[in-house]
Amino acid sequence: MRIDNIFANARAGGRIPVSFEMFPPKGELTLERAREAAEKLCACAPDFISVTCSAGGTGDSSATADIAAMIERDFGVSSVAHLTGIGRTRAELAERIAAYRKAGVENVLALRGDMPEGADAARGDFSFAYQIIPDLVEAGFCVGAAAYPEGHIACDDLAESVRHLRLKQDAGASFLVTQLFFDNDLFYRFRELADAAGITVPITCGIMPFMSKQQVTRMVFMCGASLPSPVIKLLARYEDDQESLMHAGIDYACRQLEDLAAHGVDGLHVYTMNRPSVARAAIAALGR
């Protein structure tokens, strides 16, 4: 099913869509390994599952479309295949579009992506995500895009990030998924700015439980998410107790989800890290 229809149906029914994100397993990817992860996530009955291009969400994988199609075909759950534009020529984008269409992909999340290490930054015809959206829409995909509640890490001005978000909507994006954040008040401030900028498409909130100090540090440097005092205190309290820290991280994320749901957000998107325990905890917290 098209993701824009999922949001419309949910709104008509007075409920909030809940979705998960998974990534291809590290190392040599097999569809069977991806199937095992997808089956456990689909058992929680999410409204849709998004599939990143590779572990960590950077680079690109020819298996992304196959995994997304498999989720819909084998488990009856709608899926979204990520697609990056950085470093691609128009001919290469057309080839990727053709591959996604051949695989049966219906929904695509259009992303700028990270330039592969050692690649020529000047190569390619696209510098921003909004530039690839019209081609995806013209090809018949339902297109989503990324939103950044604290602003994109490469942009110091939050208002400028919101202006870029409007460009994505104007280019044809019909839903938005946010980067992770640990402070809901930052999202509520961002939502006000988005409303003022004329953003009318659904914005679904991306939440990721912290599992280790190393993971949080990596996420902060990759996406620029800030750490509120309660998170810093939990990291300090359980720094030498990995299991307790994981439980604390999942609990904190679930409380974020509960608060966001109470504030009537458009959607909730859980970065599961392929962990069924995270998916199950999120669903339980939301009373699904």
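Quick caveat: nothing in here was measured; it's all calculated off a predicted structure.

Okay, the sheet that holds strand 1 (residues 18–22) next. Reading around the barrel, the eight strands line up as 1-2-3-4-5-6-7-8 and close back on themselves, with parallel pairing between neighbours. Within the sheet, the average angular offset between the axes of one strand and its neighbour, ignoring direction, is 30°. One ladder, built from four bridges, connects strand 1 with strand 2 (residues 48–51); its direction is parallel. Paired with M22 across the bridge in strand 2 is V51. Along the sheet, helix 7 (residues 184–196) makes contact with strand 5 (142–147), strand 6 (175–178) and strand 7 (203–207), crossing strand 7 at roughly 155°.

It is worth spelling out the environment of L186 at this point. Counting through the fold element by element, L186 comes out in helix 7. Not counting chain neighbours up to four residues away, the residues in contact with L186 comprise P149, E150 and S226.

Within the fold, A279 resides in helix 11 (residues 276–285). Take A279: its relative accessible area is 0%, and that puts it in the buried class. A279 sits 29 residues away from I250 along the chain, and the two C-alpha atoms are 9.7 Å apart. Aside from chain neighbours lying at most four places away, what touches A279 is F20, L41, C44 and T272.

On to the pattern of salt bridges, then. Under the criterion given, the structure shown has 11 salt bridges. One salt bridge connects D135 with R90, and the closest N-O pair in it is separated by 3.6 Å. Placement of D135 in helix 5 (residues 133–138) and of R90 in helix 4 (residues 90–103) is noted, with a sequence separation of 45 residues between them. With relative accessibility at 48%, the residue R90 sits in the partly exposed group. Taken together, the shared-partner salt bridges connect E32, R35, R73 and D74 into one network.

Close contact between helix 10 (residues 242–262) and helix 11 brings their axes to 9 Å; oriented N to C, the two are set at 40°. In terms of orientation, helix 10 and helix 11 fall into the oblique class. For the element pair helix 10 and helix 11, the recorded crossing hand is right-handed. Contact residues: I250, C254, L257 and E258 in helix 10; V278, A281, A282 and A285 in helix 11. Broken down by class, the residue content of the contact of helix 10 with helix 11 amounts to seven nonpolar, no polar and one charged.

Extensive coverage of strand 1 is indicated by the burial of five of its five residues. Burial along strand 1 is two-sided: V18, F20 and M22 facing one way and S19 and E21 facing the other are all buried. The pairing of strand 1 with strand 8 (residues 267–271) spans four bridges and is classified as parallel. By the bridge assignment for strand 8, S19 is matched with H269.

This model, assessed by the stated rule, comprises one cavity of 30 Å³ or more. The volume enclosed by the largest cavity comes to roughly 40 Å³. What lines the largest cavity is Y148, P149, E150, G151, Q179, L180, C223 and A225. Its residues assigned to classes, the lining of the largest cavity comprises five nonpolar, two polar and one charged.

Let us now look at the packing of helix 9 (residues 229–237) against helix 10. Two numbers describe how helix 9 lies on helix 10: the axes approach to 10 Å, and their chain directions differ by 165°. As summarised for this structure, helix 9 and helix 10 are arranged roughly antiparallel, according to the angle between their axes. As helix 9 packs across helix 10, the resulting crossing turns out to be right-handed. Contacts between helix 9 and helix 10 involve P230, V231, L234 and L235 on the former and, on the latter, L245, A248 and Y252.

Under the counting rule described, the total for this entry stands at nine aromatic pairs. When the centroid spacing of 5.8 Å and the interplanar angle of 15° are considered together, the rings of F128 and Y130 count as stacked. With 6.1 Å between their ring centres and 70° between their planes, F187 and Y188 make a pair best called edge-to-face. Taking the relative accessible area as the measure of exposure, F187 reaches 1% and is therefore buried. The buried category is assigned to Y188, whose relative accessible area is 12%. What links up through ring pairs into an aromatic cluster is the set F181, F187, Y188 and F190.

About the thresholds
Residues numbered from 1 in each chain as written. Predicted model: local features only at pLDDT ≥ 70, side-chain atom pairs only at ≥ 80, totals over all residues. Heavy atoms only, no water. Pairing = 2+ DSSP bridges. Helix = DSSP H or I, 4+ residues; strand = E, 2+ residues; numbered from the N terminus. Axes fitted to C-alpha atoms, helices over the stretch in contact; angles between N-to-C directions. Contact = heavy atoms within 4.5 Å. Buried < 20%, exposed > 50% of the residue type's maximum accessible area, 1.4 Å probe, protein only. Salt bridge = Lys/Arg side-chain N within 4 Å of Asp/Glu carboxyl O. Parallel < 35°, antiparallel > 145°, perpendicular 65-115°, else oblique. Left-handed = near helix turned anticlockwise from the far one by under 90°. Nonpolar A, V, L, I, M, F, W, Y, C, P; charged D, E, K, R; others polar. 1 Å grid on protein atoms, 1.4 Å probe; cavity = no way out; pocket = protein on both sides within 12 Å on 5 of 7 lines; lining within 4 Å. Points joined across faces, edges and corners; volume = space filled by probe spheres on them. Phe/Tyr/Trp six-rings, centres within 6.5 Å; stacked < 30°, edge-to-face > 60°.

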